[in-house]
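Structural features, examined
Chain residues, written in single-letter form:
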Amino acid sequence: MNLSKKIVVITGGSGFLGEYFTKALQEAGATVIATDRSGGAEIQLDVTSKASISSAFDAVIAKHGKIDVVVNNAAIDPKFDASADKNAALFENYPEELLKKSLDVNLLGYTLIAQEAVKRMLVQKSGNIINVSSIYGIVGPDQGIYPEGTQKPVDYFITKGGVVMLTKFLATTYGSKGIRANTLTLGGVFKDHGKEFTDKYGARTPLGRMANPEEVGGPLVFLASDASSYMTGANLIVDGGWTAW
Ligand SMILES: NC(=O)c1ccc[n+]([C@@H]2O[C@H](COP(=O)([O-])OP(=O)(O)OC[C@H]3O[C@@H](n4cnc5c(N)ncnc54)[C@H](O)[C@@H]3O)[C@@H](O)[C@H]2O)c1
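Along every chain, residues carry numbers that run from 1 in the direction the sequence is written. Thresholds applied to this predicted model are a pLDDT of at least 70 for local features of residues and 80 or more for the giving and counting of side-chain atom pairs; totals over whole chains, interfaces and linings are not thresholded and use all residues. Hydrogens and water molecules were not included; the side-chain quantities draw on all heavy atoms of the structure.

The next point concerns the overall build of the chain. On a plain count of helices and strands, the chain comes out with 7 helices and 7 strands. Comment: elements are numbered from the N terminus, with helices defined as DSSP H or I runs of at least four residues and strands as E runs of at least two. When the helices and strands of the chain are placed in sequence order, the string is β-α-β-β-α-β-α-α-β-α-β-α-α-β. The size measure is the radius of gyration over C-alpha atoms, and the globule rule it meets is 2.2 Å times the number of residues to the 0.38 power. Taking 245 residues into account, the globule formula puts the C-alpha radius of gyration at 18 Å, and the chain, at 18 Å, falls close to it. Its C-alpha atoms give the chain principal-axis dimensions of about 50 × 35 × 35 Å.

What follows concerns the site of the ligand. Around the ligand there are 25 residues in total, and Leu-17, Asp-36, Asn-73, Tyr-156 and Val-189 lie nearest to it. N or O atoms within 3.5 Å of each other form a polar contact, as long as, within protein, one can give a hydrogen and the other can take it, and as long as residues adjacent in sequence are counted only when both atoms are side-chain atoms. The contact in question runs from a nitrogen atom of the ligand to an N or O atom on the side chain of Asp-46, over 2.9 Å. The backbone of Val-189 places a nitrogen or oxygen atom 2.8 Å from an oxygen atom of the ligand. For the area figures, the Shrake-Rupley method with a 1.4 Å probe applies, and any residue is considered shielded solely by the protein chains shown. For the ligand, the accessible surface in isolation is 830 Å², of which the surrounding protein chains cover 85%. Counting residues per element, the ones that place at least two in the shell around the ligand are α1 (16-27), α4 (96-124), β5 (127-134) and α5 (154-174). If one sorts the elements of the shell around the ligand by residue count, β5 sits on top with 3 residues. If a single non-hydrogen atom of a residue is within 4 Å of a molecule or strand, that residue counts as near it.

With 51 residues, the main nonpolar core has Phe-21, Leu-25, Phe-57, Val-70, Val-71, Ile-129 and Ile-130 as its most contacted residues. Among the elements that make up this core, the one with the highest residue count is α4 (8 residues). We define the nonpolar core as a collection of buried residues of types Ala, Val, Leu, Ile, Met, Phe, Trp, Tyr and Cys that are connected through side-chain atoms lying within 4.5 Å of one another. For each residue, the accessible area found with a 1.4 Å probe, counting protein chains only, is set against the maximum for its type, and the residue is called buried under 20%, exposed over 50%, and partly exposed in between. Membership of the second largest hydrophobic core comes to 10 residues, among which are Ile-145, Tyr-146, Met-210 and Trp-242.

Now for the side chain of Lys-6. Locating Lys-6 in the fold gives a position in the segment before β1 (7-10). Of the polar contacts made by the side chain of Lys-6, one reaches the side chain of Asp-226; its length is 3.0 Å. Whether two residues are in contact is decided by their heavy atoms, any of which lying within 4.5 Å being enough. Excluding anything up to four places from it in sequence, Lys-6 contacts Ala-30, Thr-31, Asp-68, Val-69, Ala-224 and Asp-226.

Let's shift gears to the packing of α1 against helix α7 (residues 217-224). Here, axes are lines fitted to C-alpha atoms. For helices the fit covers the stretch in contact, and angles between N-to-C directions go from 0 to 180 degrees. Running from N to C, α1 and α7 cross one another at 55°; their axes reach a closest spacing of 9 Å. Considering the angle they form, α1 stands oblique to α7. Crossing hand, α1 versus α7: right-handed. Seen from α1, the contacting residues are Phe-21, Ala-24 and Leu-25; seen from α7, they are Gly-217, Leu-220, Val-221 and Ala-224. Of the residues belonging to the contact of α1 with α7, the class tally is 6 nonpolar, 1 polar and no charged. Oblique is the label for any angle not under 35 degrees, not over 145, and not in the 65 to 115 range, which are roughly parallel, roughly antiparallel and roughly perpendicular in turn. In this scheme, a crossing is called left-handed if the near helix is turned counterclockwise away from the far one by less than a right angle; it is called right-handed if the turn is clockwise. Each residue is assigned to one of three groups, with Ala, Val, Leu, Ile, Met, Phe, Trp, Tyr, Cys and Pro labelled nonpolar, Asp, Glu, Lys and Arg labelled charged, and all others, Gly among them, labelled polar.

With that out of the way, let us pick up the sheet that holds β1. Pairing between strands is defined by DSSP: at least two bridges between the two strands are required. Taken together, the 7 strands give an open sheet; going across it, the order is β3-β2-β1-β4-β5-β6-β7, and neighbouring strands pair in parallel fashion. Each end of this open sheet is capped by a strand with a single partner; those strands are β3 (43-44) and β7 (235-238). Across the face of the sheet, α5 comes into contact with β5, β6 (179-186) and β7 while running at roughly 160° to β5.

Moving on: the pattern of salt bridges. For salt bridges, the criterion is a side-chain nitrogen of Lys or Arg within 4 Å of an Asp or Glu carboxyl oxygen. Counted under the stated rule, the structure contains 13 salt bridges. The salt bridge involving Lys-23 is made with Glu-27; its shortest N-O contact spans 3.7 Å. Here Glu-27 and Lys-23 lie together in helix α1, a separation of 4 residues that amounts to about one turn. Two residues, Glu-196 and Lys-200, come together in a salt bridge whose shortest N-O distance is 3.5 Å. Pair noted here: Glu-196 and Lys-200 are both in helix α6 (residues 195-203), with a separation of 4 residues, about one helical turn. In this structure Glu-196 comes out as exposed when scored by relative accessible area, which is 58%. Salt bridges linked by common partners bring Lys-50, Asp-58, Glu-116, Lys-119 and Arg-120 together as one network.

As a further point, take the packing of aromatic side chains. A pair of aromatic rings is counted whenever rings of Phe, Tyr or Trp (Trp by its six-membered ring) have centres within 6.5 Å, and the orientation is called stacked for planes under 30 degrees apart, edge-to-face for over 60 and tilted otherwise. Taken as a whole and judged by the stated rule, the model has 7 aromatic pairs. With a centroid separation of 6.5 Å and an interplanar angle of 85°, the aromatic rings of Tyr-136 and Tyr-156 are classed as edge-to-face. Of the two residues, Tyr-136 sits in the loop between β5 and α5 while Tyr-156 sits in helix α5, which places them 20 residues apart along the sequence. When its relative accessible area of 11% is taken as the criterion, Tyr-156 is described as buried.

That's the geometry; what it means functionally is another story.
See below:
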């Protein structure tokens, strides 16, 4: 799983997993261009703006000559804190503007990134797109693990499910052009979740716990590498068994 000579662009590179993903790809030898909407990233790229994506990709190609792998990672994961209006968290009341925001970043953003990547990969006659999704793109929520009276909001499910289909569309449409696409589906990764949540999450998971961030880099490296060269349209599920029952 050697990524030396591979030029990899990742979106949301300044985020929680973006930083772990970048490190894992670099450790495998890749040249990683970590992009994000915010100023701290190596290259600023707003996934909701085609112009922003296009100029970032052009800058990478001007400097490195190609883009081998694009990791679609930037997304909004809507959460409600205890002080928020709990009623608004319920599906039937969930605000339209929040739905639109998630659709814009998580679904339109992934699609715009893929469009601009494919344009350049067709010229190269090769390329590899990895779409990061979630168990919530495959299965519905067990709302019982979330704080009493709240719900995990619907926008995460509809957008993450859409990502799985984006992958399949890209795989079947561009496989003959040397471009492959796969989904990396993750279960919950431990950050600063409270004990009540981690206990409930663990009880709902065959491996009994959330993932550690160090455990999700390897699967991404595998999909980015030639070790997965015969995989396209697939969904690599790294979820401690969550979706197995
Ligand atoms: N953390 C988890 O437990 C978990 C579980 C399953 C799947 N995932 C998926 O992993 C990916 C990364 O999640 P994370 O936990 O690191 O989230 P995060 O919120 O820490 O990071 C997301 C990053 O995306 C960036 N971003 C948001 N809008 C953007 C835009 N318009 N343009 C460019 N960048 C933008 C943010 O600035 C942020 O740096 C997401 O696709 C998420 O759905 C995460």
